[in-house]
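Residue-level structural notes
Here is how the chains run, residue by residue.
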Amino acid sequence: MIDTMKKTALLFTLILSAALFTACGSKQTENVQTEAASSNAQAGPASDAIQESRPAVSVAELPDEYEPQYFEGTVTAIDGVVITVSGDSSSMSFDVSRNETSDENPVLRGCYVEVSYADSPADSIYPADNVSILNDNEERAEQEDRDPVIYGTLQYLDANELVLIDDAGRSIDFDPIIARTVSFSELKGGEDVVITYCGSVYGNDDEDSSGAFNGLPVAIKIVSSDAVKSEEAEANYIDGVVSAVDSASMTVATEIADFEFECDDSMLKDIESDDAVRVFYSGQLSGITVKAEKIEKR
């Protein structure tokens, strides 16, 4: 761990010392580099300069009198005080400088929101008077039966620590011990990344009945923004060692927790305890049981 004084001193310097390597047995696609996040790859604190191009003040004035309009959808982009919301058949951009937010209830990419706004746009940006979060990114992930993701700027990454600055400017610590990184080049401090994770970034530890992810949220994938659409980034898998197996299920031990997978019996023909495996799965990794889609011996 880096102590507080050392982190503070580093806030004014961008340091990158990386030794990226290809994870053993991983499939290379589109020259994407894949590695375990517990390698020696490090990224220093993100530079504040990345925010300079983003609007910091209101860009669409709210008229004194107006009839409120409403729009629902998923937040797909955030640029300073401007958010883009994608609905069922269209997208709209809003100036949300008047919206009050908090660290407990921030507007992030992936949230499903309702925006109240005035129909008086400036350069296709509509002034909003309120943004209501109907479902945060983790609730949306649960509804869609997938792992949650969060977008932001990489601040620090080494074998034991991962720090992200999210869309709301919050500094979020993750446990990266089982995570893999996916990028076309070396990850650097200040880069936009997407993190797939277990647990919660909202501090709702008491909601996890299993206790496996109490404390820091656990990173599963760290993907650079330019590699998000790659085959490797879209694949959901973890590596571990089989600790138990029967005709319809398998338990895989990792450094952070044991995961139980529901499996077709055909997948388990040659699988035995103590086998090192890579399990491709669907659904939420934090579920009581997870559906295995494919198993590879390693």
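Read on for a plain summary of the structure. Residue indices begin from 1 for each chain and proceed along its sequence in written order. Since the coordinates come from a predicted model, pLDDT governs what is reported: local features require at least 70, and pairs of side-chain atoms require 80 or more to be given and counted, while whole-chain, interface and lining totals use all residues. To obtain the side-chain values, all non-hydrogen atoms of the structure were included, while hydrogens and water were left out.

Moving on to the environment of Ala179. Per the convention used, a helix needs a DSSP run of H or I reaching at least four residues, while a strand needs a run of E reaching at least two, with both numbered from the N terminus. Summarising the element assignment, Ala179 is placed in the loop between strand S11 (171-174) and strand S12 (180-183). Separated by 41 residues in the primary sequence, Ala179 and Ile220 have C-alpha atoms spaced 4.3 Å apart.

Any Phe, Tyr or Trp ring, taking Trp's six-membered ring, that has another such ring centre within 6.5 Å forms a pair; planes under 30 degrees apart are called stacked, those over 60 apart edge-to-face, and the others tilted. Applying the stated criterion across every chain, the model contains 6 aromatic pairs. Ring centres of Tyr237 and Phe280 lie 5.0 Å apart, and the angle between their planes is 55 degrees; on these two criteria the pair is classed as tilted. Taken as a pair, Tyr237 in strand S15 (residues 237-245) and Phe280 in strand S18 (residues 276-282) lie far apart in primary sequence, 43 residues in all. A single burial state applies to Tyr237 and to Phe280, both of which are buried. Three or more aromatic residues joined by ring pairs form one cluster here, namely Phe71, Phe94, Tyr117 and Tyr126. To sit over a ring, a charge needs its Lys NZ or Arg CZ within 6 Å of the ring centre and within 35 degrees of the ring normal. Stacked on the ring of Tyr237, the Lys or Arg Arg180 has its end atom at 3.8 Å from the ring centre. Between the NZ or CZ atom of Lys294 and the centre of the ring of Phe280, over which it lies, the distance is 4.5 Å. Three labels apply to residues, based on accessible area from a 1.4 Å probe with only protein chains included: buried if under 20% of the type maximum, exposed if over 50%, partly exposed otherwise in between.

Moving on, we come to the sheet that holds strand S19 (residues 290-297). Paired strands, as defined in this entry, are two strands with at least two bridges between them according to DSSP. Strand order around the closed barrel formed by 5 strands is S15-S16-S17-S19-S18, with mixed pairing between neighbours. Mean inter-strand twist for the sheet, computed between neighbouring axes without regard to direction, equals 55 degrees. Note: S15 against strand S16 (residues 249-253), 4 bridges, orientation antiparallel. Its bridge partner being in S16, Val242 is matched across the sheet by Val252. Orientation is described by axes fitted as lines to C-alpha atoms, over the contacting stretch for helices, and by angles from 0 to 180 degrees between their N-to-C directions.

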